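An overview of the molecular structure
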Amino acid sequence: MKFLLGILSVIIGLEGFWSALRNRYLRDKSGWIFVRAERQPLYFWVMTGVFALMVVTGGFLLYLAISEIW
């Protein structure tokens, strides 16, 4: 279960983090732009940090799952 949660967290986090850094805006799943770095910088960077935290947490969960197997 840790492995699956880790994979999911890393995938979603990387997708959101890369999209935020590359495009300088965040979209929801329907395609609407809901935050831009120029208009709402604090919210943009907080959400980018949340995506980065998801990647770190997912990596930690993957580490725990793999170390449990060995």
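Residues numbered from 1 in each chain as written. Predicted model: local features only at pLDDT ≥ 70, side-chain atom pairs only at ≥ 80, totals over all residues. Heavy atoms only, no water.

Details of the environment of Thr 48
- Turning to its location among the elements, Thr 48 is positioned in helix H2 (residues 41–69).
- Distance from Thr 48 to Arg 24, taken between C-alpha atoms, is 9.9 Å for residues 24 residues apart in sequence.
- Not counting the four nearest positions on each side in its chain, Thr 48 is found in contact with Phe 17, Ala 20 and Leu 21.
- Only 2.8 Å separates the side chain of Thr 48 from the backbone oxygen of Phe 44, close enough to count as a polar contact. (Helix = DSSP H or I, 4+ residues; strand = E, 2+ residues; numbered from the N terminus. Contact = heavy atoms within 4.5 Å. Polar contact = N/O pair within 3.5 Å; in protein donor to acceptor, adjacent residues only side chain to side chain.)

With respect to helix H1 (residues 2–23)
- With 22 residues, H1 should cover 32 Å at 1.5 Å per step; its first-to-last C-alpha distance of 31 Å lies within 8% of that length.
- Along H1, the residues that are buried comprise Gly 6, Ser 9, Val 10, Gly 13, Gly 16, Ser 19 and Ala 20.
- Where the residues of H1 are buried, they touch strand E1 (25–27) and H2.
- Following H1 by one or two positions, Arg 24 has its phi on the positive side, about 65°. (Expected span 1.5 Å × (residues − 1). Buried < 20%, exposed > 50% of the residue type's maximum accessible area, 1.4 Å probe, protein only.)

Some thoughts on the packing of aromatic side chains
- Within the structure shown, the criterion is met by 1 aromatic pair.
- Each ring, one from Phe 44 and one from Trp 45, has its centre 5.0 Å from the other, and the planes form 80°; the classification is edge-to-face.
- The exposure class assigned to Trp 45 is partly exposed, which follows from its relative accessible area of 43%. (Phe/Tyr/Trp six-rings, centres within 6.5 Å; stacked < 30°, edge-to-face > 60°.)

Some details on the nonpolar core
- Ala 20, Leu 26, Val 35, Ala 37, Phe 44 and Phe 51 form the largest nonpolar core, which has 6 residues in total.
- Apart from residues lying up to four places away in sequence, Ala 20 is in contact with Tyr 25, Leu 26, Phe 44 and Thr 48. (Core = buried A, V, L, I, M, F, W, Y, C linked by side-chain atoms within 4.5 Å.)

A few points about the pattern of salt bridges
- All chains considered together, the criterion is met by 1 salt bridge.
- Linking Glu 68 and Lys 2 is a salt bridge whose minimum nitrogen-to-oxygen distance equals 2.8 Å. Residue Glu 68 is found in helix H2, and its partner Lys 2 is found in helix H1; the two are separated by 66 residues along the sequence. (Salt bridge = Lys/Arg side-chain N within 4 Å of Asp/Glu carboxyl O.)

Notes on the environment of Glu 68
- What makes Glu 68 exposed here is its relative accessible area of 58%.
- The sequence separation of Glu 68 and Lys 2 amounts to 66 residues, and the corresponding C-alpha distance is 10.0 Å.
- Within the structure, Glu 68 has its side chain in polar contact with the side chain of Lys 2 (distance 2.8 Å).

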